[in-house]
Amino acid sequence: MKFIGKLLVYLLVALLIVMLALYILLQTRWGASQVSSWVTVNTDYELSFDKMNHRFSSPSHIILENVTFGRDGKPATLVAKKVDIGLSSRQITDPLHMDTITLFDGTLNLSPQTAPLPFQADRLQLNNMAFNSPNTEWDLSAQKVTGGVSPWQPEAGNVLGNNAQIQMSAGSLTLNGVDASNVLIQGSLDNGEVTLSTLGADIARGTLTGNAKRSADGSWRVDNLQLNEIRLQSDKSLAEFFTPLTSVPSLHIGRLDMTDARLQGPDWAVTDLDLNLRNLTLSQGGWQSDDGTLSMNASEFINGSLHLLDPIANAEFSPQGIALRQFTSRWEGGMVRTSGNWLRAGNALVLDDTAFAGLEYTLPANWKQLWMESLPTWLENLTLKKFSASRNLVIDIDPTFPWQITALDGYGGELQLVKDHRWGVWSGSATLNAAAATFNRIDVRRPSLKLNANASTLNITELSAFTERGILQATAAVSQLPQRQVTLSLNGRGVPLNILQAWGWPALPVSGDGNF
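No experiment lies behind these values; they were computed from the predicted model shown. (Residues numbered from 1 in each chain as written. Predicted model: local features only at pLDDT ≥ 70, side-chain atom pairs only at ≥ 80, totals over all residues. Heavy atoms only, no water.)

### Some details on the overall build of the protein
Then step 1. Helix and strand counts for the protein come out as five helices and 33 strands.
Then step 2. Against the globule reference of 24 Å for 516 residues, the protein gives a C-alpha radius of gyration of 38 Å, more extended than a compact globule.
Then step 3. Expressed along its principal axes, the backbone C-alpha trace of the protein runs to roughly 150 × 40 × 40 Å.
Then step 4. Pairs at least 24 residues apart make up 42% of the contacts formed inside the protein by residues separated by at least 6 positions.
Then step 5. Accessible surface computed for the protein: about 28,800 Å², of which carbon and sulfur atoms make up 58%.
Then step 6. Charged side chains in the protein number 38 positive and 47 negative. The centres of these two groups are separated by 2 Å. (Helix = DSSP H or I, 4+ residues; strand = E, 2+ residues; numbered from the N terminus. Rg over C-alpha atoms; globule rule 2.2 N^0.38 Å. Contact = heavy atoms within 4.5 Å. Areas by Shrake-Rupley, 256 points an atom, 1.4 Å probe, with all protein chains shown as cover. Lys, Arg positive; Asp, Glu negative; His and termini not counted. Charge placed at Lys NZ, Arg CZ, Asp CG, Glu CD.)

Encoded structure:
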């Protein structure tokens, strides 16, 4: 019995010596090389590290130095100066589930090709790491990342797992082509649902703060988002700039505040923009809202040839449409003011009170073509319930028939200018007069026009102007049917008899002044 006892003691001592030798060898470069080779040869992964450290002051932690890890034949998933692996009693039943994994000073590349990873941890901690997630829905590149994921349970196609709490900061970050710095993110993952409870960053020389939630189907709910002093330049057109907002299944904006923003694209710009938007949902190319509001103002807005100065807009959204409480702006040297409603039923824009004052407006060269084009789906009808014009200058520089109207005044009501997506004067009445005008280089004074329209006919009840030595007067009726039949009554008293020739009429066989 004594012999057997001594033998067991010797065996135990020998085992302890072997274990001590292995413990020492594993902390040498030779031991690190042997472990790396074994993992590389016997698994689907490649591993290399220079040295393993273990201290009895922290018995549950193993530290690997200068680590490179990845799948066979793929770029390295992890390159780190140091990896601290925290162990626990769980390794007895689940050897690849760590207590903590802390990565120091390196790069973590995560993509669908790198997952699933063979291990998990109650917490993955990053310390001054670079983080790359290319070829995914969120094309992400971040530097100086510090933070953690708890628990970390990577799965195929989802490197962060399905359920986790996230808290991270990054010195710089690029997400889907958008650059940011000093980024702070706190949130959670829950079976495809992403909650960003705290989001903050310096972006485009300004700041961004807010919170949001992304559903499993890709829909977003932004409860609060604040953008301050943004200075953003884009190479996209205005329509392309807003494309990301319409590319998701649904986007709900609880509250969006933008202060002192300056945005610029190839043919558009807005400066000193202040905006407050509440309770609006964008989905399937349209929008929905029960009690949404929009309030915005800017110093300048440019979109192609449209140039507004000091625009102010206030609107309310409802299931029935948009109530435009106020729109004012300086435009073309003058002022524009209006209010009204856009009605979802019938896509009708009804402006209650519209005023133009002091404009100096030159019509676009293709205005006749634009007049004949069909308007967008959202604008089927346009009606001015009341309008007024004061001291306006309107110019057409068409070289075949240039004209100009000076000091144009006017008023009218119930004037329908769009019907079935087509421009026209479809109903209502208007009175226009001016101090002077020039039509194809022929000057007239005090031109005046009165008209009224209904479903069948546009009636010009008065059209007059003084020439150099007489007066022209006319009435007309234009059919609203596609044939556009015209009935015209024109007379002149004491006018040059060749005056109509400059306006496209055949030459008369007589000359001088006279009546017709």
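### Side note on the environment of threonine 467
Then step 1. Within the fold, threonine 467 resides in the loop between β29 (457–466) and β30 (471–479).
Then step 2. It is 9.4 Å that separates the C-alpha atoms of threonine 467 and proline 447, two residues lying 20 residues apart in sequence.
Then step 3. Setting aside chain neighbours within four positions, we find threonine 467 in contact with Asp443, Val444, Arg445, Leu472, Val495, Pro496 and Ile499.

### Considering the nonpolar core
Then step 1. Counting 82 residues, the largest nonpolar core has Leu78, Val83, Leu103 and Leu126 as its most contacted members.
Then step 2. Residues within four places of valine 83 in sequence aside, it is in contact with Ile62, Ile63, Leu64, Val67, Leu78, Ile101, Thr102 and Leu103.
Then step 3. Of all hydrophobic cores here, the second largest spans nine residues; its members include Ile405, Leu408, Ala434 and Val444. (Core = buried A, V, L, I, M, F, W, Y, C linked by side-chain atoms within 4.5 Å. Buried < 20%, exposed > 50% of the residue type's maximum accessible area, 1.4 Å probe, protein only.)

### Regarding the pattern of salt bridges
Then step 1. The tally for this structure, following the rule as stated, stands at twelve salt bridges.
Then step 2. Across the pair aspartate 260 and arginine 231 runs a salt bridge whose closest N-O atoms are separated by 3.3 Å. On the criterion of sequence distance, the pair formed by aspartate 260 in strand β14 (residues 250–264) and arginine 231 in strand β13 (residues 231–233) is long-range, its members being 29 residues apart.
Then step 3. Take arginine 231: its relative accessible area is 21%, and that puts it in the partly exposed class.
Then step 4. Notably, a salt bridge pairs arginine 330 with aspartate 310, separated by 2.8 Å at the nearest N-O pair. Here the residue arginine 330 occupies a position in strand β20 (residues 321–331), and aspartate 310 occupies one in strand β19 (residues 306–318), the gap between them amounting to 20 residues. (Salt bridge = Lys/Arg side-chain N within 4 Å of Asp/Glu carboxyl O.)

### Quick word on the pairing of strand β6 (residues 120–133)
Then step 1. Bridge count for strand β5 (residues 97–109) against β6 is eleven bridges, and the pairing is parallel. Bridged to methionine 98 within β6 is alanine 121.
Then step 2. Note: β6 against strand β7 (residues 140–150), seven bridges, orientation antiparallel. Looking across to β7, one finds that asparagine 132 is bridged to serine 141. (Pairing = 2+ DSSP bridges.)

### What about a nonpolar patch on the surface?
Then step 1. On the surface, Val486, Leu488 and Trp505 cluster together into a nonpolar patch covering about 300 Å² of accessible area.
Then step 2. Considering the arrangement of structural elements, one finds valine 486 in strand β31 (residues 486–493).
Then step 3. The exposed category is assigned to valine 486, whose relative accessible area is 55%. (Patch = residues over 30% accessible without salt bridge, like charges linked within 9 Å, V, L, I, M, F, W, Y side chains within 5 Å.)

### Quick look at the packing of aromatic side chains
Then step 1. Counted under the stated rule, the structure contains eleven aromatic pairs.
Then step 2. Summarising the aromatic geometry, the rings of phenylalanine 241 and phenylalanine 242 are spaced 5.4 Å apart at their centres and angled 85° between planes, so their arrangement reads as edge-to-face.
Then step 3. A relative accessible area of 22% places phenylalanine 241 in the partly exposed class.
Then step 4. By relative accessible area, which is 41% here, phenylalanine 242 ends up partly exposed.
Then step 5. Site record: aromatic cluster; members linked through ring pairs are Tyr45, Phe69, Phe119 and Trp152.
Then step 6. Positioned above the aromatic ring of tryptophan 287 is the side chain of arginine 344, whose terminal nitrogen or guanidinium carbon lies 4.3 Å from the ring centre. (Phe/Tyr/Trp six-rings, centres within 6.5 Å; stacked < 30°, edge-to-face > 60°. Lys NZ or Arg CZ within 6 Å of the ring centre and 35° of its normal.)

### Structural notes on the side chain of asparagine 276
Then step 1. Among the structural elements, asparagine 276 can be located in strand β15 (residues 268–283).
Then step 2. Among the polar contacts made by the side chain of asparagine 276, one reaches the side chain of aspartate 257 at a distance of 2.5 Å. (Polar contact = N/O pair within 3.5 Å; in protein donor to acceptor, adjacent residues only side chain to side chain.)

### Examining unusual backbone geometry
Then step 1. Cis rather than trans, the peptide bond between serine 150 and proline 151 has omega equal to -10°.
Then step 2. Within the secondary structure, proline 151 is located in the loop between β7 and β8 (163–175).
Then step 3. Located in the positive-phi region is asparagine 128, a residue other than glycine, with phi close to 60°.
Then step 4. Structurally, asparagine 128 is set in strand β6.
Then step 5. Under the relative-accessibility criterion, asparagine 128 is labelled partly exposed at 36%.
Then step 6. Positive phi, normally seen in glycine, also occurs at glutamine 284, with a value near 50°.
Then step 7. For glutamine 284, the location among the structural elements is in the loop between β15 and β16 (286–288).

### Details of the side chain of threonine 281
Then step 1. With respect to the helices, strands and loops of the structure, threonine 281 is situated in strand β15.
Then step 2. In terms of polar contacts, threonine 281 uses its side chain to reach the side chain of histidine 252, at 2.8 Å.
Then step 3. Leave out the neighbours within four places in its chain, and threonine 281 touches Ser250, Leu251, His252, Gly286, Trp287 and Gln288.

### Some thoughts on the layout of surface pockets
Then step 1. Volume-wise, the second largest pocket comes out at about 820 Å³.
Then step 2. In this structure, the second largest pocket is lined by 30 residues; those nearest its centre are Leu47, Leu64, Ile85, Met98 and Phe119.
Then step 3. Those elements giving two or more residues to the lining of the second largest pocket turn out to be α2 (29–42), β1 (45–48), β3 (61–71), β4 (78–86) and β5.
Then step 4. Split into classes, the residues belonging to the lining of the second largest pocket amount to 28 nonpolar, two polar and no charged. (1 Å grid on protein atoms, 1.4 Å probe; cavity = no way out; pocket = protein on both sides within 12 Å on 5 of 7 lines; lining within 4 Å. Points joined across faces, edges and corners; volume = space filled by probe spheres on them. Nonpolar A, V, L, I, M, F, W, Y, C, P; charged D, E, K, R; others polar.)

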